[in-house]
Every structure is written in C-alpha cells, then in structure tokens.
Amino acid sequence: MVHIRRSALLLVAIATAMAVSACGSDGGARRTDAAPGPVRPNGGIPWSGDETRTSDDPLSTFAVDVDTASYGYARRLIMDGRLPEPGTVRPEEFVNSFRQDYPQPAGDGFAVHVDGARLPRTHDAGGDERLLRVGLQTRAEDEERRPDAALTFVIDVSGSMGEPGRLDLVRDALHTLVDQLRPTDSIAVVEFSDKARVAREMTPVADARPLHAAIDSLHTRSSTNLEAGLVLGYRVARDGFRPGRTNRVIVLSDGLANVGSTDAEPILRRVRAEAEKQIALLGVGVGSDYGDELMEQLADRGDGFAVYVSEREQARKVFVRQLPATLSVRALDAKVQVTFAPQAVRSYRLVGYDNRAVADEDFRDDRVDGGEVGPGHSVTALYAVRLAEDVSPSARIAQVQVRWTDPAARTPAETYGSVTVADVDGAFTAASPRLRACYAAAWFAEALRDGRSDGQVRLTDLATIADGAATATEDAEVRDLARVIRSADELR
C-alpha cells in the first residue's frame, strides 16, 4: 500500500529554474556514495554489485535521472553486431527507456508508486531476495498550455558527422520539428567543427523559411571543437533569452571532441554564467562511434538530459513528440531517499544510478544538485533487497521520500510512499507487465556490464520475460527489447 503526501515547506529554496549549484562557483554539486563496500550475507548468493547492510546504513539517496542515451547507444551497437563497452552501460537508462503506467498526480511535482515481487525462478539468488520498484510520475501537460520556447540548436558538422545516420538524420529531424512547433516558439541554429558560427540567429517559427534554409546549409567540414560550439551556442541563447519562456540549448553531436577542451567540466565552466540565466542543456547523441561519457556529463551537469538516436523514426520521436512535451518543467533538483527498516531488510542494492549518488545528509540541502523532470515523465529505480528471517507480511520494509524545488514557487516540497513485505512478496509471474519489463531491461544491462555468461541470469530467459511483457502491454518497444537481448546473446 502506498501513502502519498505533499508538503510545501517554509524555507525558500536557493534554486533557479533551469540551472542550480551544479553550475555554481563551487565547481559542481557535492555527490558522494555513502554506501560501504561489498557484503556477502551468510547463506546468500553474492550479487554482481555491492550490497549495503541496512544495519550499517539504512538510507539510500540519489538524484533522479531521465537520461536514456545508454540504452539507445547499446541497442545501436548490438544491432550492428558489437557489444557495448561495459563502462557505457548504465542500468537506470535502460529501465527509463521504456514507458510506465504510473498514475499521475493532480498537481505539480510527483506521484510516488512503490511495488515489487519475488525474483523469477530463472534468477540465481537466495530465496530471501526481492525486487523493489520505486516509480515517480509527473503530470502531463497540454501542448497548448505550455510556455513558448526559445531553443538554440548547437550542431556538430565535423567530418565524422558525414557518416550516414548522423548529420542527415539531424537535418531531417530539425526540418520536421520546425514544421511542428508553434509559430510563437523561436529557434536559433549554431554549427561547429574546428570553429563555431551562427547559421541562424533566434527566429520565430512563424518565419520558417530562413530556418529551413539554415538547416539545409549544414554540411560537414573538419575537426570537432565542441567547446567552441557550446560557448557560442550559450551566447546566442543568452542574447535570445526570453523571460517566462523555456530557454534551452540542444547540442547534437557524436561527442567525439578532439579540438579545444574535451572534458565536460572545463566546457561547462566556460558557459556557467549563461547557464545560470535559466538555460538548460539537452544532449542528443548520434553515430556508431559515440562519445557517451562526455555527452552524459554535459547533460547531467547542465541540468538537462541526454538521449541517443540512430534511426530516422527515433529522431522524429525525440524531436517531434518528446522534446515539445518536455519543454516545461515540473520539478527541479529532484532527489530520492529510501529509508530501509533494519528489522525487515538485511541488505539492499540499488541497480544503477552509480554516478547519481547523493550523500544522505544532503537530501534536504537544496544547494546540492538533483535532477530536472518535465511534464508526463516517469522515473524508475530498482532495488534488490534481502529480507530478514521470519519478518511479518505487514511489516514496512521501506519509506520512499522525494524532494524537489517547485519551478514556479521556488520553494522545496516533498512527497512520500511506503511499502510492506506483502507488497513485494507476490510471484514474479503475477507482477505487472511493466515491472517485468523493468526487470528484463535492468538485468540485461547488468549482464552487459558483468560480461560473463555464467551470471545470475541468462539472456535467453530475459528475452522470454520481455516477450511476455510485450504481449501483455502490446508495446512494440518492449518487443524490440526482447529482440535486442537475443541479438546480444548471439554475440557473446
């Protein structure tokens, strides 16, 4: 059973609409992993990752993340006949690539959904282990009610972007977007290779002809100076800044920077002043060779998110459906803290979110960076938990608290949910199909990171689980997940 409460707090939040302390003078948010090292519970089968004893630390705290680039890039490589490097696989981005059916809240902020199940019989684990799902959902927004947008596109036109499926895909998606946005929205276009130039200053979409012409003028040139592109892009966004609008910089690149600064922090340091003017960053990755780490760090530290596209249909989905729907903001600096009950839970492990950890004591420190979440977004986190012996079915095993800054009132707010043993004790086959799809996606990522063929799960079993979830939900993307898992299995 989940209980939900929202309390507007009296403290005034020190936060901006699109950029916070991650872009402040201290050089970035304070994030630490407070969890101790690996645990090997007596009588239990070791997990592939680190467990935390609840008696040592009952709190698990992390910033929410709506990135999906890791799954998109892994899918591209696998379908091209290559397995991804383990370091590019982030399980939370695999899970959050798939739609959920969480209920929406009546107002801004989040609805909290907590459930779980026993693990499937095919999962090699002790009988005391359970799957726990924490789901967050924001309210969707009518397209006609969102604020107008001022979007600055920063487009990589270096030589590597000449590969099919890179710049050609970007041009097609941008043309489609210009035709879909409202006449009162505005777009600017900046291109970069070894240098950066303005292809089109901020222009209302009502004046579409010069925007289409600027998109058609994009052609590949020489090397990749991503720093120059972002510095100029933020300058153009600052000059075209419209109070009361959604102001974003959207960088489209393969992330293979080789001129100027090639690390995220020096680049963001150059644009920090502009970012503090409420201009968030969206990263769109393309290409079979892709600088995943740089693009992910830029998006996270620029208070935005990163996606990856490799096909025309995907690109149009991102630019025509997802981008307009996320131009508004429902929650800033969103963080989650899960408090496990030591009398009911022996140990726990958060699946993924490795680089989104927040120190437990910083949960209510509104200077510490969290995640930005737009309208209609869902965020999912999975835990593997080991229950204590002889625990009552009615015992509460965890309370989930979510804290964020309201983008309009600039005040912090919280909501919470709780979960009992009974809520996670049902058979896996009886669990919701969306939960089963989450499991398949997460442990697929775990298997890719582990690199072994003798781990806790077999890819063939995960593919079967994904197929069953796809049949129940009639979701083509979950069906495609099953196909990708089988293709990966053939490559191992």
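See above for the structure.
Residues numbered from 1 in each chain as written. Predicted model: local features only at pLDDT ≥ 70, side-chain atom pairs only at ≥ 80, totals over all residues. Heavy atoms only, no water.

Turning our attention to the overall build of the chain. Within the chain one finds 11 helices and 17 strands. Relative to its full complement of 492 residues, the chain shows a buried share of 61%. Carbon and sulfur atoms provide 48% of the accessible area of the chain, an area that totals close to 18700 Å². (Helix = DSSP H or I, 4+ residues; strand = E, 2+ residues; numbered from the N terminus. Buried < 20%, exposed > 50% of the residue type's maximum accessible area, 1.4 Å probe, protein only. Areas by Shrake-Rupley, 256 points an atom, 1.4 Å probe, with all protein chains shown as cover.)

As a further point, take helix 9 (residues 433-450). Within an α-helix, residues lying three or four positions from one another point in the same direction, as the helix has 3.6 residues per turn. For helix 9, built from 18 residues, the straight-helix expectation of 26 Å at 1.5 Å per residue is met to within 8% by its first-to-last C-alpha distance of 25 Å. For helix 9, the tally of buried residues reaches 15 of 18 residues, placing the bulk of the element in the interior. (Expected span 1.5 Å × (residues − 1).)

Here the structure, examined in full by the defined rule, presents 36 salt bridges. Between arginine 118 and aspartate 425 there is a salt bridge whose closest N-O contact spans 3.1 Å. In this pair, arginine 118 is assigned in strand 4 (residues 111-118) and aspartate 425 in the loop between strand 17 (412-420) and helix 9, connecting sequence segments 307 residues apart. The exposure class assigned to arginine 118 is partly exposed, which follows from its relative accessible area of 34%. Via salt bridges that share partners, Glu51, Asp128, Glu129, Arg346 and Arg386 belong to a single interconnected network. (Salt bridge = Lys/Arg side-chain N within 4 Å of Asp/Glu carboxyl O.)

This part is about the packing of helix 10 (residues 459-473) against helix 11 (residues 476-491). As a packed pair, helix 10 and helix 11 sit with axes 8 Å apart at the nearest point and diverge in direction by 170 degrees. Between helix 10 and helix 11, the angle falls in the class roughly antiparallel. For the pair helix 10 and helix 11, the sense of crossing is left-handed. Of the residues in helix 11, those touching helix 10 at Leu459, Thr460, Leu462, Ala463, Thr464, Ala466, Asp467, Ala469, Ala470 and Thr471 are Val478, Arg479, Leu481, Ala482, Ile485, Arg486, Ala488 and Asp489. Classifying every residue of the contact of helix 10 with helix 11 by side-chain character gives 11 nonpolar, three polar and four charged. (Axes fitted to C-alpha atoms, helices over the stretch in contact; angles between N-to-C directions. Parallel < 35°, antiparallel > 145°, perpendicular 65-115°, else oblique. Left-handed = near helix turned anticlockwise from the far one by under 90°. Contact = heavy atoms within 4.5 Å. Nonpolar A, V, L, I, M, F, W, Y, C, P; charged D, E, K, R; others polar.)

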